[in-house]
Amino acid sequence: VIDLGFGVLTVPAGEAQRLLGDLLSREDHAAYVNSLANDPDLATT
Amino acid sequence: VSHVVIDDHLLRDILAAEEGRHLARLVDSNELATTNLYYVRLCKSAISARGGKLTGEWAADRRRELGRRLLDLPASILILPMRLIGYRVAELAERQRVSTLGAEAVAAAEHLGASLCVWDGDDGPGIRQAARATGISYRTISL
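Residues numbered from 1 in each chain as written. Chains lettered and ligands numbered in written order. Predicted model: local features only at pLDDT ≥ 70, side-chain atom pairs only at ≥ 80, totals over all residues. Heavy atoms only, no water.

Examining the interface of chain B and chain A
1) Next: Opposite the 43 residues of chain B that make contact, chain A presents 30 residues.
2) Next: The junction of chain B with chain A conceals about 3100 Å² of combined surface from both sides, 66% of it contributed by carbon and sulfur atoms.
3) Next: We note a salt bridge from R26 of chain A to D13 of chain B, for which the minimum N-O separation is 2.8 Å.
4) Next: Our count for the contact surface shared by chain B and chain A stands at 19 residue pairs in polar contact (both at pLDDT 80 or more). (Contact = heavy atoms within 4.5 Å. Buried area = accessible area lost by both parts, 1.4 Å probe. Salt bridge = Lys/Arg side-chain N within 4 Å of Asp/Glu carboxyl O. Polar contact = N/O pair within 3.5 Å; in protein donor to acceptor, adjacent residues only side chain to side chain.)

Listed below in structure tokens is the structure:
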């Protein structure tokens, strides 16, 4: 059960992980990190 | 059991249950830690994410709320508070050619006596050098 504040989402076991994978794919996260290349605090230097 | 400090790429894969063979082995044999700034970077990434087939049609504020719940870290994943390592982070960031995020990763690994493990697709030479200069074991993991 995921309480989202505006409603409660009931998902089968393991589905929450799949939702995270859908919300933020590995490729999307890598692209986001790449966009921070000039950030003095958050870049991977 | 020894600690490993993992970056946000590896953390995302663990939370999404998308560990490859190498990462799964790392998880099985170590206590996990990450850093405040790796976690913040992952959260910022989730906030700006547009979602895929399942969540792409959701309203942005609902996607963000979903991200908040899904990135709620299990207690088993340690994050050292800045009050313990903040000064050391500042010191490393000043002395090494490394971002604040990189300095925190090295400082956390140093404090815990841990290895620092990052995704090999985001292997930063500055962080690697700072780890070496500090005597920290630095490893890359392929996905």
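Picking up after the structure, the text goes on.
Description of the pairing of strand 1 (residues 3-6) of chain B
Residues and elements named next belong to chain B.
1) Next: Pairing analysis gives three bridges linking strand 1 to strand 2 (residues 31-34), with the strands arranged parallel. Its bridge partner lying in strand 2, V5 is registered against A33.
2) Next: In terms of strand pairing, strand 1 meets strand 4 (residues 115-119) through three bridges, oriented parallel. Bridge pairing in strand 4 places V4 opposite S115. (Pairing = 2+ DSSP bridges. Helix = DSSP H or I, 4+ residues; strand = E, 2+ residues; numbered from the N terminus.)

What about the sheet that holds strand 1 of chain B?
1) Next: In spatial order, the strands read 3-2-1-4-5 (chain B); together these five strands make up an open sheet with parallel pairing. In the strand order of this sheet, the two ends are held by strand 3 (78-79) and strand 5 (138-141) of chain B, each with one partner.

Here we look at the side chain of D22 of chain A
1) Next: Among the structural elements, D22 of chain A can be located in helix 1 (residues 15-23).
2) Next: In this structure, D22 of chain A is buried with no salt-bridge partner, the nearest side chain bearing the opposite charge being R18 of chain A at 7.0 Å.
3) Next: Here L54 of chain B takes part through its backbone nitrogen, which lies 3.1 Å from a polar atom of the side chain of D22 of chain A. (Buried < 20%, exposed > 50% of the residue type's maximum accessible area, 1.4 Å probe, protein only. Lys, Arg positive; Asp, Glu negative; His and termini not counted.)

Things to note about the pairing of strand 4 of chain B
If a strand is regular, its side chains alternate between the two faces of the sheet.
Residue and element names in this part refer to chain B.
1) Next: The buried fraction of strand 4 is high, at five of five residues.
2) Next: Taken together, the four bridges between strand 4 and strand 5 define a ladder with parallel strand orientation. Looking across to strand 5, one finds that L116 is bridged to Y138.

Some remarks on the pattern of salt bridges
1) Next: One pass over the structure, following the stated rule, counts twelve salt bridges over all chains.
2) Next: Between E91 of chain B and R88 of chain B there is a salt bridge whose closest N-O contact spans 2.9 Å. With a gap of three residues between them, E91 of chain B and R88 of chain B both fall in helix 5 (residues 82-95), about one helical turn apart.
3) Next: Across the pair E110 of chain B and R88 of chain B runs a salt bridge whose closest N-O atoms are separated by 2.7 Å. Taken as a pair, E110 of chain B in helix 6 (residues 100-112) and R88 of chain B in helix 5 lie far apart in primary sequence, 22 residues in all.
4) Next: Given the relative accessible area of 23%, R88 of chain B is considered partly exposed.
5) Next: Because the salt bridges share partners, they merge into one network encompassing R26 of chain A together with R12, D13 and E18 of chain B.

By themselves, these figures tell us nothing about what the structure is for.
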